[in-house]
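Understanding the architecture of this molecule
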Amino acid sequence: MRLYLSSVGLGPRRTELTRLAQGGKRAGVILNAYDFRTPERRAASLEFEMRELADLGLEPEEIDLRQWFGRPDGLRETLSGFDVLYVRGGSVFVLGRALAASGADRVLPELLAEDAFVYSGYSAGICLLGPTLRGIEGHVDDPAFVPDGYPDTPTPWDGLGVLPYAIAPHYRSDHPESAEIDHTVTYFIDHHIPFVALRDGEAIVVDDAGTRVVS
């Protein structure tokens, strides 16, 4: 399994992503955590993320999970065609809803176990890899919010369980959510949930050599 999990953006060690990709260039971009924003703001964010990845020499294209809602057949084949999967931050609960509605919540863990691609992303895009999304609600993201076009299903409280620990991004950083993340960390401690707190400018790298935090 190959992971490059940044607290925010691509981070200062972004070349770790291309190293992990081992020459692969096709990058799928999942922006659904940002579906709570206006279409104009979402489009601007997509343009920015695509430019950042292209500057690394990658060839990005969007995978909009909304196009797969209610039709999970073929999603596995689509995702497995990429060398890198890059998942933007935003609302972890909106992202969780998108994964569940498209079937990606089942497909992603399978493909990661097969080392089908490098998984990368930041903020909400990495929080969902842990065992639970609890501890984020009420302080950072609204678990009850359902974007237009999404099925009104129960709140997704479980993470994908790819990692045996939760992640608290933006910890003690110059970020609007940093103070709220302190509450998340307290929740993890009080409920005995293993976690890694990442400051902005740090990233978790997972490869054959093990797991480490880089900055």
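Look above for the structure.
Below, the structure is looked at part by part. (Residues numbered from 1 in each chain as written. Predicted model: local features only at pLDDT ≥ 70, side-chain atom pairs only at ≥ 80, totals over all residues. Heavy atoms only, no water.)

1. Quick notes on the pairing of strand 5 (residues 118-122)
With respect to burial, strand 5 is a largely interior element, five of its five residues being buried. Of the two faces of strand 5, the one carrying Val-118, Ser-120 and Tyr-122 and the one carrying Tyr-119 and Gly-121 are both buried. In this sheet, strand 5 lies alongside strand 1 (residues 2-6) in parallel orientation, the contact comprising five bridges. For Ser-6, the partnering residue across the bridge sits in strand 5 and is Tyr-122. Pairing of strand 4 (residues 84-87) with strand 5, which is carried by four bridges, proceeds in the parallel orientation. Paired with Tyr-86 across the bridge in strand 5 is Ser-120. (Buried < 20%, exposed > 50% of the residue type's maximum accessible area, 1.4 Å probe, protein only. Helix = DSSP H or I, 4+ residues; strand = E, 2+ residues; numbered from the N terminus. Pairing = 2+ DSSP bridges.)

2. With respect to the sheet that holds strand 8 (residues 203-207)
Picture the strands of a sheet paired through backbone hydrogen bonds; they go either parallel or antiparallel. The strand order across the open sheet built from seven strands is 3-2-4-5-1-8-9, with neighbouring strands paired in mixed fashion. The sheet terminates laterally at strand 3 (59-62) and strand 9 (210-214), the two strands that pair on one side only. Across the sheet, the axes of successive neighbouring strands diverge by a mean angle of 20°, strand direction being ignored. Bridge count between strand 8 and strand 9: five bridges; the pairing is antiparallel. (Axes fitted to C-alpha atoms, helices over the stretch in contact; angles between N-to-C directions.)

3. Observations regarding the environment of Glu-110
Relative to the assigned elements, Glu-110 resides in helix 5 (residues 104-113). The partly exposed category is assigned to Glu-110, whose relative accessible area is 40%. When the C-alpha atoms of Glu-110 and Arg-76 are compared, they prove to be 9.1 Å apart, with 34 residues separating the residues in sequence.

4. Examining the nonpolar core
Within the largest apolar cluster, 43 residues are counted, with the highest numbers of intra-cluster contacts made by Leu-5, Leu-65, Leu-79, Leu-85, Tyr-119 and Leu-129. If you list the elements that add at least two residues to this core, you get strand 1, helix 3 (75-80), strand 4, helix 4 (92-102), helix 5, helix 6 (124-127) and strand 8. By residue number, the principal contributor to this core is helix 4, which donates seven residues. Setting aside residues no more than four positions away along its own chain, Leu-129 makes contact with Leu-5, Leu-112, Tyr-119, Leu-160, Gly-161, Val-162 and Leu-163. Formed by 20 residues, the second largest nonpolar core is a distinct cluster that contains Tyr-4, Val-29, Tyr-34 and Leu-58. (Core = buried A, V, L, I, M, F, W, Y, C linked by side-chain atoms within 4.5 Å. Contact = heavy atoms within 4.5 Å.)

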